[in-house]
Amino acid sequence: MAARSVNSSRLAQDYTLLKTLLQSVRFYSRANLYGPNIGRPRKNAILLLDGFMKNGGSVVDAVTWQHYYIDRRVTKVEDFMKTRLLDTLSEQITKVLKIVQTHAPEKHVWLGGVGPAWAGGTNNLSDTFAAGFLWLNTLGIAAAHGIDVVLRHSFFDYGYNHLVDQNFNPLPDYWVSLLFKHLVGPRVLAVHVAGLQRKPRPGRVIRDKLRIYAHCTSFHNHDYVRGSVTIYIINLHRSRKKIKLAGTLRNKTVHQYLLQPFGTEGLQSTSVQLNGEPLRMVDNETFPELKPRTLRAGRTIAMPPVSIGFYVIKNINAYACRR
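Quick caveat, the model's predicted, so the values are computed rather than measured.

Focus on helix H5 (residues 172-183)
Relative to the 16 Å expected for 12 residues at 1.5 Å per residue, H5 spans 17 Å between its end C-alpha atoms, a close match to the ideal helical length. Summarising burial for H5: 9 of the 12 residues are buried, a large majority. Listing the buried residues of H5 in full gives Pro172, Asp173, Tyr174, Trp175, Val176, Ser177, Leu179, Phe180 and Leu183.

Rendered as structure tokens:
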């Protein structure tokens, strides 16, 4: 059977027909429809999305697209830590949002597929601690741009972009995701970091290896009262970095959840330690307790080299996070 390409007009017609068919069946009449799930927004994909939104954008409940950072030719762990690579997501989101806001500004935009590499990932890299930098960076940048849903295609079995291994043991991205859901709420807060927002020289882009995001702490986490703030940090430096909380965050008790690779493989490890203790399932159905380390009020946060940290500022009673 010969393959056929579908242009944006035909794709929009197909989605419109599918929406009509769904609404005609009682069981599916309230079903949501998402699409068109374009690939990385380069020239052809951008033209396809623009035409689709112009002719059929109104029929989808959210606009979806996919982003994969690199291709399978990447073989070095250092490639997962390039700031230029991490910044590509922000650039692509801006392109997609511009088109959606032109044709249907009320539509939500979802990241309908994401991973470190296309075509199933990269063996011995995509399922390691190093890939967690890309994953957490994705969650932080997507939230900052107002994208409230991020989907992953592969939970198990296909390729290498897994969340669990062949024995269903959680891999690094799973532990990052678990802590994110446990500690990070949907409300995004602005962050100003003195020493990072440097004025770039003409023709030069400042790409920071210390990436800091802030949200209201998840309301579903009953260990923390409303008004608490969660900061999560990616340190891509090969050296330790110190962060001192200022302003209203100063002199508050902080709970630290520090993730580092566990084992001799370093960044290529598929195991993770939390505050120095390896994370392992207690049994097939029981997760380990995610115990924080308490940092005394006013203490400087020390981020070890190439690590990920979640920091909950307790009892700060932040106005934006009370409700």
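Describing the pattern of salt bridges
Considering all chains together, one arrives at 5 salt bridges under this definition. In this structure, Asp173 engages Arg152 in a salt bridge whose closest nitrogen and oxygen atoms are separated by 2.7 Å. Note that Asp173 is positioned in helix H5 and Arg152 in the loop between helix H4 (131-144) and H5, a separation of 21 residues in sequence. Overall, Asp173 belongs to the buried group, its relative accessible area being 3%.

Describing the packing of aromatic side chains
On inspection of all chains with the given rule, the structure shows 10 aromatic pairs. Ring geometry for Tyr174 and Phe287: centres 6.0 Å apart, planes at 15 degrees, overall stacked. Here Tyr174 is found in helix H5, whereas its partner Phe287 is found in the loop between strand E10 (277-278) and strand E11 (293-295), with 113 residues between them in sequence. Classification of Phe287 as partly exposed rests on a relative accessible area of 36%.

As for H4
Over its 14 residues, H4 extends 20 Å from the first C-alpha to the last, a length consistent with the 20 Å expected when each residue adds 1.5 Å. With 13 of 14 residues buried, H4 is to be regarded as a mostly interior element.

Some details on the state of the cysteines
Inspection of every chain in the model, using the stated rule, returns 1 disulfide. For Cys216, the disulfide goes to Cys321, at an S-S distance of 2.0 Å. Looking down the S-S bond of the Cys216 and Cys321 bridge, the torsion is -80 degrees, so its handedness is left-handed. Of this pair, Cys216 sits in strand E5 (residues 210-217) while Cys321 sits in the segment after strand E13 (307-313), placing them 105 residues apart in sequence. Like Cys321, Cys216 is buried.

Remarks on the pairing of strand E8 (residues 254-261)
Counting buried residues in E8 gives 7 out of 8 residues, a clear majority hidden from the surface. Here E8 runs beside E13; their pairing, made up of 6 bridges, is antiparallel. Along E13, the bridge assignment pairs Tyr257 with Phe310. In this sheet, strand E9 (residues 272-274) lies alongside E8 in antiparallel orientation, the contact comprising 3 bridges. Across the sheet, the residue bridging to Gln260 is Gln273, located in E9.

What counts and how
Sequence order as written defines the numbering, with residues in each chain counted from 1. Local features in this predicted model are restricted to residues of pLDDT 70 or higher, and side-chain atom pairs are both shown and tallied only at a pLDDT of 80 or more, whereas totals for entire chains, interfaces and linings draw on every residue. Side-chain metrics rest on all non-hydrogen atoms present in the structure, leaving aside hydrogens and water. In this text, helices come from DSSP runs of H or I with a minimum length of four residues, and strands from runs of E with a minimum of two, each type numbered from the N-terminal end. A helix is expected to reach a length of 1.5 Å times the quantity of its residues less one. Partly exposed describes any residue whose relative accessible area lies between the buried limit of under 20% and the exposed limit of over 50%, with all areas from a 1.4 Å probe on protein chains only and scaled to the type maximum. Every case where a carboxyl oxygen of Asp or Glu lies within 4 Å of a side-chain nitrogen of Lys or Arg is listed as a salt bridge. Any two rings among Phe, Tyr and Trp, with Trp reduced to its six-membered ring, count as a pair given centres within 6.5 Å; such a pair is stacked if its planes are under 30 degrees apart, edge-to-face if over 60, and tilted if neither. In this description, the term disulfide denotes a pair of cysteine sulfurs within 2.5 Å. By this definition, two strands are paired if DSSP reports at least two bridges between them.

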